[in-house]
Amino acid sequence: QVQLVESGGGLVQAGGSLRLSCAASGHTFSSYGMGWFRQAPGKEREFVAAVNWNGGSTDYADSVKGRFTISRDNVKNTVYLQMNSLKPEDTAVYYCAATNTFTVMAVTTTRGYKYWGQGTQVTVSS
């Protein structure tokens, strides 16, 4: 059974930084794409960042480009989201997701992902 466990969320002031981690188990992590999505209260879940199987392809939502960086460690079966210059509008529950098929390019849609974590809360105060 595939498990994705996020960590690293918390409360931070605007302009600050956080690094989210997502530890994966139960599938061949190094073969599949990984992504981060977020959902704010009353809003739909939205794409944040994605990385392909070997880190060679990444993609970002326009709202986070230049501030967030996604990376992965296929030895540790972990994907990271480094978030800098945080803004109050970044406040949301952040979810890690994994595909179950090999993809050359980063996957940016929710329907492209098979497995989801439980989420970690990120709150940015002004």
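Just so it is clear, the model here is predicted, and its values are computed rather than measured. (Residues numbered from 1 in each chain as written. Predicted model: local features only at pLDDT ≥ 70, side-chain atom pairs only at ≥ 80, totals over all residues. Heavy atoms only, no water.)

Asker: Which residues make up the state of the cysteines, and what values do they have?
Answerer: On inspection of all chains with the given rule, the structure shows one disulfide. Here cysteine 22 connects covalently by a disulfide to cysteine 96, the sulfurs 2.0 Å from one another. Sign of the S-S torsion, about -75° for the bond between cysteine 22 and cysteine 96, identifies this disulfide as left-handed. One end of the pair, cysteine 22, is in strand β3 (residues 18-25); the other, cysteine 96, is in strand β9 (residues 92-98), and 74 residues separate them in sequence. When sorted by exposure, cysteine 22 lands in the same class as cysteine 96, which is buried. (Disulfide = S-S within 2.5 Å. Helix = DSSP H or I, 4+ residues; strand = E, 2+ residues; numbered from the N terminus. Buried < 20%, exposed > 50% of the residue type's maximum accessible area, 1.4 Å probe, protein only.)

Asker: So what's going on with the environment of lysine 76? Which residues, and what values?
Answerer: One can find lysine 76 in the loop between β7 (68-73) and β8 (78-83). Sequence separation of lysine 76 and threonine 103 is 27 residues, and the distance between their C-alpha atoms is 20 Å.

Asker: Tell me about unusual backbone geometry, and name the residues and values.
Answerer: Phi angles above zero are rare outside glycine, and asparagine 77 is one such case at about 55°. Its place among the elements puts asparagine 77 in the loop between β7 and β8. Judged by its relative accessible area of 25%, asparagine 77 falls in the partly exposed class. In the Ramachandran plot, serine 85 falls in the positive-phi region, its phi being about 50° despite a non-glycine side chain. By secondary structure assignment, the location of serine 85 is in the loop between β8 and β9. What makes serine 85 partly exposed here is its relative accessible area of 40%.

Asker: Can you lay out the sheet that holds β3 for me, pointing to particular residues and giving the numbers?
Answerer: The antiparallel open sheet is built from four strands, whose spatial order is β1-β3-β8-β7. Only two strands of the sheet have a single neighbouring strand rather than two, namely β1 (3-7) and β7. Shown here is a sheet whose adjacent strand axes are inclined to one another by a mean of 15°, direction ignored. Note: β1 against β3, five bridges, orientation antiparallel. Residue pairing in the sheet places valine 5 in a bridge with alanine 23 of β3. (Pairing = 2+ DSSP bridges. Axes fitted to C-alpha atoms, helices over the stretch in contact; angles between N-to-C directions.)

Asker: An account of the side chain of threonine 99 is requested, with residue identities and associated values reported.
Answerer: Tracing the chain through its elements places threonine 99 in the loop between β9 and β10 (115-116). The exposure class assigned to threonine 99 is buried, which follows from its relative accessible area of 0%. Looking at threonine 99, its side chain comes within polar contact range of the main-chain nitrogen of glycine 33, at 3.0 Å. In this structure the side chain of threonine 99 is engaged in a polar contact, spanning 3.0 Å, whose partner is the backbone oxygen of threonine 101. (Polar contact = N/O pair within 3.5 Å; in protein donor to acceptor, adjacent residues only side chain to side chain.)

Asker: Which residues make up the nonpolar core, and what values go with them?
Answerer: Ranked by size, the top nonpolar core spans 34 residues in total, and within it Met34, Trp36, Val79, Leu81, Met83 and Tyr94 carry the most contacts. Those elements that provide at least two residues to this core are β3, β4 (34-39), β5 (46-51), β7, β8, β9 and β11 (120-125). The residues contacting valine 79, other than those within four sequence positions of it, are Leu20, Ser21, Cys22, Phe29, Met34, Trp36, Val51, Ile70, Ser71, Arg72 and Cys96. (Core = buried A, V, L, I, M, F, W, Y, C linked by side-chain atoms within 4.5 Å. Contact = heavy atoms within 4.5 Å.)

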